[in-house]
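Structural characterization, general
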Amino acid sequence: MFKGIYYHQTDEKGRIRIPAKLKAQLGEKYFITRGGLGSLVIASEDYFEQNIFSKIKDIEYTDVDAMRSIRAITSFMFDIEEDNQGRFVMPPVLRDYAGIEKNIVTIGAGNVIEVWSEDRFNKNLNGNTDYEQDLPEGSLDFNQVLKEFNKLLRRNSNTNGQ
């Protein structure tokens, strides 16, 4: 289980390090993607396989609604490739989504690691969840994307089960 809070900064190239105590639990391969409330999520390949990939493999490409959700999930998911100093470049599209410029907060959040702009994290901690106005134009909050995706999965399982 991931836990703890770590304050740090991106460097001039937008690179960060995953705190060692969190990284030790990730395994060999892990991804970063959009998270809820304007954060980013880092999780292991196993986590994404169990919670995302295994669920989308049977969805028909012609299912327009399902494919919209799948695109929203997978198009913002990136492999983390670290340099020899343990840093990785956070993709600009994810930095923009999370409002990350310099100061960041990385937290253990149970099954995943969350990365936040320090400002957005503090606002959220204080009950200000009016973050959607700060998301890049056209962005959806990832929690909403996952809710829609889970509705579609339930719809498909009900259709297939009848």
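Here is a short report on the structure shown in this document. What you are looking at is a predicted structure, and each value in this text was computed from that prediction instead of being measured.

1. Focus: the side chain of Asp-11
- As for its position among the elements, Asp-11 is in the loop between β1 (5-9) and β2 (15-17).
- In this structure the side chain of Asp-11 is engaged in a polar contact, spanning 2.6 Å, whose partner is the side chain of Arg-15.
- The contact partners of Asp-11, leaving out residues within four places of it in the chain, are Arg-87 and Lys-102.

2. A word on the packing of aromatic side chains
- Using the criterion set out here, one finds 5 aromatic pairs in the structure.
- Ring centres of Phe-31 and Phe-48 lie 5.7 Å apart, and the angle between their planes is 75 degrees; on these two criteria the pair is classed as edge-to-face. A residue pair is termed long-range when its members are at least 10 positions apart, and Phe-31 in strand β3 (residues 30-34) and Phe-48 in helix α2 (residues 45-56) qualify at 17 residues.
- Note on Phe-31: relative accessible area 7%, which makes it buried.
- With a centroid separation of 6.4 Å and 35 degrees between ring planes, the pair formed by Phe-48 and Phe-53 is classed as tilted.
- What makes Phe-48 buried here is its relative accessible area of 3%.
- By way of ring pairs, the aromatic residues Phe-31, Tyr-47, Phe-48 and Phe-53 are connected into one cluster.
- Just above the ring of Phe-76 sits the side chain of Arg-34; from NZ or CZ to the centre is 4.0 Å.
- Here the basic side chain of Arg-34 rests over the ring of Tyr-97, its NZ or CZ set 5.5 Å away from the ring centre.

3. Some details on the sheet that holds β1
- The 6 strands are arranged β1-β7-β8-β4-β3-β5 in an open sheet whose pairing can be described as antiparallel. In the strand order of this sheet, the two ends are held by β1 and β5 (78-79), each with one partner.
- When β3 meets β5, the two strands line up antiparallel, connected through 2 bridges. In the strand pairing of β5, Phe-31 is matched with Asp-79.
- Sheet strands touched by α2: β3, β4 (40-44) and β8 (112-117). Its angle to β4, the strand with the most contacts, is close to 105 degrees.
- The sheet strands contacting helix α5 (residues 118-125) are β1, β7 (103-109) and β8, and the helix crosses β8 at an angle near 105 degrees.

So, how was this worked out
Residues numbered from 1 in each chain as written. Predicted model: local features only at pLDDT ≥ 70, side-chain atom pairs only at ≥ 80, totals over all residues. Heavy atoms only, no water. Helix = DSSP H or I, 4+ residues; strand = E, 2+ residues; numbered from the N terminus. Polar contact = N/O pair within 3.5 Å; in protein donor to acceptor, adjacent residues only side chain to side chain. Contact = heavy atoms within 4.5 Å. Phe/Tyr/Trp six-rings, centres within 6.5 Å; stacked < 30°, edge-to-face > 60°. Buried < 20%, exposed > 50% of the residue type's maximum accessible area, 1.4 Å probe, protein only. Lys NZ or Arg CZ within 6 Å of the ring centre and 35° of its normal. Pairing = 2+ DSSP bridges. Axes fitted to C-alpha atoms, helices over the stretch in contact; angles between N-to-C directions.

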